[in-house]
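What follows is the residue order along each chain.
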4 protein chains.
Amino acid sequence: MKHFPEQLADRYRRFKYRHFAPNQEEYERLASEGQSPDTMIVSCCDSRVDPETLFSAMPGELFVVRNVANLVPPYETQGKYHGVSAALEFAALNLRVKHIVVLGHSGCGGVKACLDHEAARQTSAEFITNWMSMLDPARDTLIEKHGGDSSHTLLPELEREGVKTSLTNLRTFPCVQILEGKGRLQLHGAHFDIATGTLEVLDRESGEFVKI
Amino acid sequence: MKHFPEQLADRYRRFKYRHFAPNQEEYERLASEGQSPDTMIVSCCDSRVDPETLFSAMPGELFVVRNVANLVPPYETQGKYHGVSAALEFAALNLRVKHIVVLGHSGCGGVKACLDHEAARQTSAEFITNWMSMLDPARDTLIEKHGGDSSHTLLPELEREGVKTSLTNLRTFPCVQILEGKGRLQLHGAHFDIATGTLEVLDRESGEFVKI
Amino acid sequence: MKHFPEQLADRYRRFKYRHFAPNQEEYERLASEGQSPDTMIVSCCDSRVDPETLFSAMPGELFVVRNVANLVPPYETQGKYHGVSAALEFAALNLRVKHIVVLGHSGCGGVKACLDHEAARQTSAEFITNWMSMLDPARDTLIEKHGGDSSHTLLPELEREGVKTSLTNLRTFPCVQILEGKGRLQLHGAHFDIATGTLEVLDRESGEFVKI
Amino acid sequence: MKHFPEQLADRYRRFKYRHFAPNQEEYERLASEGQSPDTMIVSCCDSRVDPETLFSAMPGELFVVRNVANLVPPYETQGKYHGVSAALEFAALNLRVKHIVVLGHSGCGGVKACLDHEAARQTSAEFITNWMSMLDPARDTLIEKHGGDSSHTLLPELEREGVKTSLTNLRTFPCVQILEGKGRLQLHGAHFDIATGTLEVLDRESGEFVKI
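Small disclaimer: the values here were computed from a predicted structure and weren't measured.

## Structural notes on the interface of chain B and chain A
Here's step 1: Each partner contributes residues to the interface: chain B has 89 residues there, and chain A has 88 residues.
Here's step 2: Buried surface at the junction of chain B and chain A, both sides included, amounts to about 7,900 Å², of which 63% is carbon and sulfur.
Here's step 3: Scanning the region where chain B abuts chain A turns up four salt bridges.
Here's step 4: Here Arg 11 of chain B and Glu 61 of chain A are joined by a salt bridge, their closest N and O atoms 3.2 Å apart.
Here's step 5: Across the contact surface, chain B and chain A share 30 residue pairs in polar contact (both at pLDDT 80 or more).
Here's step 6: Looking at which element gives the most residues to the side of chain B that touches chain A, the answer is helix α1 (residues 6-20) of chain B, with nine residues.
Here's step 7: Residues of the side of chain B that touches chain A, tallied by class, amount to 45 nonpolar, 25 polar and 19 charged.

This is the structure in structure tokens:
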């Protein structure tokens, strides 16, 4: 216990006093009845993008997966541990969420590593390189299209393409296909700009990201 | 755009107007300077346990991985996508975080599925069963120790054992071993009780969870 | 211009940059289409109780009257200027709001002056005494009921009785009677506690204020 | 309680959780010490013009009167209820504010009703017509000056003349005269344009409104 960072302990006490105590009845209800969120968010680990804050959420409202660059791998049953797939299965089959939002953001370190892949591959960043390789096809298409542009120019575009790739991958899961087909589940893409606070959402018809 | 849930759009607008706008300078600074959080949290997707709220965090302070049951798989270089490993690598090598906290919680649906594994295995919950199998050894040890106890009794104990398992797995990563050995990285375990708001942290010496 | 307080000018610039600029399209729309709020709030001038903040409101959502102690005088056509009546008429007939909320609060200086009326009457506070005399009947009933209790004890009760008096007065206006009778307008009472943040609302059946 | 609009209740809960909780210490201090704002604002009920937002105010900073068209009636001791006079008295004598700002705005429905007085007088808008008659002299002067101009052209000018009228009326109050004479109170006029976000303030020397 003495090892636990005092700053975190102090901030927890603040939460306990300020948030938890005045809302204890609600927490007790959530504890006894269990959670029943309507929405699942797939977002990035980035410390500047907290989905609960961005969507003014209350406890019990958002089921949240966070990994580097808010990626969803495609459906596959081989391999060992599939964290995102397990979360997706739990959200779709147990919680029966009605919406899944893939939320990208500006200045994403993971997407940047994908663009600087040669640099990254030569360092010891083996897991990042491997994880971000989900976006290699999207990256290669962008580089081909734009020629020798610097990663700086391509970053915002690849962040958005990454959201589209994750949505495509989501639709490779049988449970998503079935529920979306029945109109019981909707998929959405979004992109948050940290400097301006702008949220863009993916328009299905045009395939473009538009300001909310 | 018209497909995006109006409730989420409305809540985003309130964030933008009432939270982002008054703090825009800080967001602009974070956007231009990049993130430099001190702490990485591994926590659960559960909608009732938001680590930013629990630790009264400001934007830029916590690098957060969220998956079902806040698990860290052991180090392994085979297989395809390793989401947690990529996040860990990014946090340890790029961000050079000083603390990693594995945060469990009460009423965890993932841990419950691990205890009810026979039931779960017979349903279509293939990914959950597979993902939670990381805790099978801990579960079997508990069942052996307690005999025919119902899962209800074992749930709180397995939630805490799961945190310990993840800490053990974290230490199988070479970068964690090296940084912890040099005193540049500290690992912590914690468990949050939703009904009472109590946070317990793992005492290294005793191996027990104690109230903060 | 040089007389205008620099602090206010500075804070306006902050608003212009932080709130107005990013939401300019919405303001332009509101300017060209006019306002169409659903809700009218009658609240106090008190600097600690801003209804827009309390209800996380966006521009265009709340039509707000603020006077000392959030009072509505009864309908009467004599006398010269009837500020609240004019606002009520505008809200009910022009804007066709669907809800009117009378919002009281703890530590109300106006209600306190009504309780300390003897003290107030001997000072030069002629207008306050006169304005707050709307609550004299409610105050006298309370004092009779509680005997020689200090104003300290009666304050929270008279704040809530004041809300009820204003609701009663609202119902003396013909337009309110008609619209409420047709189900096109609903009246609500509420009380905000500054120290704890608790909002109580008036339950119509029981006539009691209950936590939200 | 079940009658209270769910939308308002939900927005209050978000205020409580996301705004009140993190600022609770400040609210507790304000509750125990009482308010001591420096500035009183007289502004309009219009839902598009929230003075706390416009001046980026914190709880405890602005004492706010809001009525139709931000009017201050002249000092008079007859008649029954004088809402603005009571607020003014409270602000000047009890709170000892240092500044009073009369804040007009574009597209003001009350001022428009004053310009369309013939139309208004024939409708049932008895209170509005009566309340806005405070600006009849200013209106008549403008119409005389401009000839047969449409109300559209005169509206922005009458909004600004209304602010001047209210400042003139403020100076009919003995307490204002005394405090202003002693240099302990300053009066200011301002006008906010909803479409452009421009704030103009009244220059005392020239009697003109100038951009801040």
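Once you've had a look at it, read on.
## Comments concerning the pattern of salt bridges
All names here are of chain A.
Here's step 1: If you walk through the whole model with that rule in mind, you get 67 salt bridges over all chains.
Here's step 2: Residue Glu 180 pairs with Arg 171 through a salt bridge whose shortest N-O separation is 2.8 Å.
Here's step 3: For Glu 180, a relative accessible area of 25% translates into the label partly exposed.
Here's step 4: With relative accessibility at 33%, the residue Arg 171 sits in the partly exposed group.

## Examining the nonpolar core
Here's step 1: Within the largest apolar cluster, 100 residues are counted, with the highest numbers of intra-cluster contacts made by Met 40 and Met 132 of chain A together with Met 40 and Met 132 of chain B.
Here's step 2: When sequence neighbours within four positions are dropped, the list of residues in contact with Met 40 of chain A reads Phe 63, Val 65, Ala 87, Leu 88, Ala 91, Val 97, His 99, Ile 100 and Val 101 of chain A.
Here's step 3: The next biggest cluster of nonpolar side chains, apart from the first, holds 99 residues, and it includes Leu 95, Cys 108, Val 163 and Leu 170 of chain C.

## Remarks on the UniProt feature "binding site: Zn(2+)" (unreviewed entry) in chain A
Residue and element names in this part refer to chain A.
Here's step 1: The UniProt feature table records "binding site: Zn(2+)" (unreviewed entry) at Cys 44, Asp 46, His 105 and Cys 108. Across 65 residues of sequence, these annotated residues stay compact in space, with a maximum C-alpha separation of 8.9 Å.
Here's step 2: Position of Cys 44 relative to the elements: it lies in strand β1 (residues 39-44).
Here's step 3: Cys 44 gets classed as buried once you look at its relative accessible area, which sits at 6%.
Here's step 4: The contacts of Cys 44, once residues within four sequence positions are left out, are Val 49, Arg 66, Asn 67, Val 68, Ala 69, Asn 70, Leu 103, His 105 and Cys 108.

Rules used throughout
Residues numbered from 1 in each chain as written. Chains lettered and ligands numbered in written order. Predicted model: local features only at pLDDT ≥ 70, side-chain atom pairs only at ≥ 80, totals over all residues. Heavy atoms only, no water. Contact = heavy atoms within 4.5 Å. Buried area = accessible area lost by both parts, 1.4 Å probe. Salt bridge = Lys/Arg side-chain N within 4 Å of Asp/Glu carboxyl O. Polar contact = N/O pair within 3.5 Å; in protein donor to acceptor, adjacent residues only side chain to side chain. Helix = DSSP H or I, 4+ residues; strand = E, 2+ residues; numbered from the N terminus. Nonpolar A, V, L, I, M, F, W, Y, C, P; charged D, E, K, R; others polar. Buried < 20%, exposed > 50% of the residue type's maximum accessible area, 1.4 Å probe, protein only. Core = buried A, V, L, I, M, F, W, Y, C linked by side-chain atoms within 4.5 Å. UniProt positions renumbered as here; feature names shortened; annotations may be inferred.

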